[in-house]
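Results of the structural survey
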Amino acid sequence: MATLPLFLDTVNRRLVASATSAAPFTLPTFTRGDALTLRVTLLTPNETIVNPFALANVSSLTIRAGIGAAGLTSALLTLQIDWVRDNAASTFTGALPLNTPEIEAAFVASNGAALKSLFEIEIDADGDKTTALQIPCSIIEDVIKDGALAPEAYTPPSALADNLALLLADSPTVDVQRSGNEFTFHTIDRASQADLDAAVARVATLEASGVGGSGPSGPAGPAGPAGPAGGGGGGSSTSSGGDGAIQLSDGAGGFTSGTASFSVASHTLTADGLDVRRLRATGISVSNGGGMGGAINFQMDGPVAVSHQINSDATFGVQGQSGGEMVSALITNVSGATVAVSFDPSLIFFGAKPTSLDAGKRLLLSLTAYDAATVVAACATET
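Since the structure is predicted, the reported quantities are computational estimates derived from the model, not experimental observations. Throughout this description, residue numbers start from 1 for each chain and increase along the sequence as written. Totals for whole chains, interfaces and linings use all residues, but because this is a predicted model, local features are given only for residues with pLDDT of at least 70 and pairs of side-chain atoms are given and counted only at 80 or more. As a rule here, side-chain values come from all non-hydrogen atoms in the structure, and water together with hydrogens is ignored.

1. Some remarks on unusual backbone geometry
- Unlike most non-glycine residues, R13 shows phi in positive territory, near 55°.
- Within the fold, R13 resides in the loop between β1 (2–9) and β2 (14–18).
- We classify R13 as partly exposed; its relative accessible area is 48%.
- Here S90, not a glycine, exhibits a phi torsion of approximately 60°, which is positive.
- Put simply, DSSP H or I for four residues or longer makes a helix, DSSP E for two residues or longer makes a strand, and each gets a number counted from the N terminus. Mapped onto the elements, S90 comes out in the loop between β9 (84–86) and β10 (91–97).
- Judged by its relative accessible area of 1%, S90 falls in the buried class. Exposure categories follow from relative accessible area, calculated using a 1.4 Å probe and restricted to protein chains: below 20% of the type maximum is buried, above 50% is exposed, and the middle band is partly exposed.

Take a look at the structure:
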């Protein structure tokens, strides 16, 4: 796995040759499918020739790095939010996937031409976000194909987790520590501020889709059958019923949240104490929770990333577009047999339009609305 060292002058928002040289650094061309590790060193200028930079204090910082397009129709092609931070070296190390479904679909739409896009690094200082770098970059097609290298979807930051962090920040009785989408809770004594249960921290993981990783089965939603397995063993569990309801617990009955519910038809999210309009505007990635078929309409003015599981023939369409919206939809056939797929005649397709989807396979559908009547679609089907 290749490692690309990046030295970032956080004041002048530019890449430099090293911590001891202010010479400009040119970002290399990226190659589709590469396993690329970034090591980002944050610097602050000393304004001296001998020692041009000092290492930034990163102990309270987090960063995000991504590649995408700017503007109303902006779409992330890849994103990295999980880093290993080295406070002494002022570095963040993490893998930037270059084989995401979004990159796959973009190459399909470009007929194999190089992708011209923007590389961006964002710094978060206790909720205050700053775009520290935004420069042009290119991704070229790889020549040696690796059939075993499956597209790897990036995990967008959870808007639900961001809002929960804001709600809990001023709590006088609960100490909250956050790492990505995972929260650790400690009960605090009001008078002494002592940690009352340091050995029994309550942990909950908030996923934008309402579905956790492998672990014990989560509780059933208020309607529909129990959803998939919850969070990793011994920690939190997250479940989704047939209607997309989300519930959280620590696996031992120690912590239970309120219920957040999701409606597939309208792409809205409701949660006790949370501003649903702000949540929806952030573009939460959602899943319908169980298999379905028939007519499925994607809400263009809703979340920018959605997923659906189908268990029978399905017809796809769009609604809610006015111009400038973009939706990326991942469709999975869970029926165990080949199903027929069709699309609303108003959709304009680049490339071949699929008519079926084999059992267990996925279809990536990228939709862009140029006005209320013009929606362009690009498809990539897993083989």
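2. Examining the confidence of the model for the protein chain
- A residue's pLDDT is simply how confident the predictor is in it, with values from 0 to 100. Averaged over all residues, the pLDDT of the protein chain equals 73, while 60% of them reach at least 70.
- We call two residues in contact when some of their heavy atoms are within 4.5 Å. Throughout residues 198–214 the model reports pLDDT below 50, and contacts reaching past four residues in sequence, or to other chains, amount to 62 contacts.
- Low pLDDT, under 50, characterises residues 227–290; the predicted model gives this stretch 180 contacts beyond four residues in sequence or across chains.

3. Describing the environment of G324
- Of note, G324 is situated in the loop between β21 (305–319) and β22 (326–333).
- The buried category is assigned to G324, whose relative accessible area is 18%.

4. Some thoughts on the packing of aromatic side chains
- Stacked, tilted and edge-to-face are the three classes applied to pairs of Phe, Tyr and Trp rings, where Trp contributes its six-membered ring and a pair requires centres within 6.5 Å; stacked means planes under 30 degrees apart, edge-to-face means over 60, and tilted covers the rest. With the rule as written, the count across this model stands at four aromatic pairs.
- Ring centres of F298 and F316 lie 5.8 Å apart, and the angle between their planes is 5°; on these two criteria the pair is classed as stacked. Of this pair, F298 sits in strand β20 (residues 286–299) while F316 sits in strand β21; the two residues are 18 residues apart in sequence, bridging distant segments of the chain. Pair check on accessibility: F298 and F316 agree, each one buried.
- Consider the rings of F316 and F343, whose centres lie 5.8 Å apart with planes at 35°: the pair is tilted. Of the two residues, F316 sits in strand β21 while F343 sits in strand β23 (residues 339–343), which places them 27 residues apart along the sequence. When sorted by exposure, F316 lands in the same class as F343, which is buried.
- One aromatic cluster is present, built from ring pairs that chain together F298, F316, F343 and F349.

5. Observations concerning the nonpolar core
- Core analysis: the largest hydrophobic core is formed by 32 residues, its most contacted members being F30, L38, L42, I67 and F119.
- Apart from the residues lying within four places of it in its own chain, the contact partners of I67 are F30, A75, L76, L77, T78, L96, L98, S117, L118, F119, C137 and I139.
- Nonpolar cores are built from buried Ala, Val, Leu, Ile, Met, Phe, Trp, Tyr and Cys residues. Side-chain atoms within 4.5 Å join them into one set. Among the nonpolar cores identified, the runner-up in size contains 24 residues, and I296, F316, V327 and A369 belong to it.

6. Quick notes on the sheet that holds strand β7 (residues 61–68)
- Ordered by their spatial adjacency, five strands build an open sheet running β4-β12-β11-β7-β8, and the pairing between neighbours is mixed. Two strands lie at the open edges of the sheet, namely β4 (30–31) and β8 (76–80), each paired on one side alone.
- A pair of strands is considered paired only if DSSP assigns at least 2 bridges between the two. The sheet contact formed by β7 and strand β11 (residues 115–125) spans eight bridges and is antiparallel. Paired with R64 across the strands is E122, a residue of β11.
- Set on the sheet, helix α1 (residues 101–109) makes contact with β8, β11 and β12 (128–140); between it and β8 the angle comes to about 155°. Here the axes come from fitting lines to C-alpha atoms, over the contacting stretch only for helices, and the angles between their N-to-C directions go from 0 to 180 degrees.

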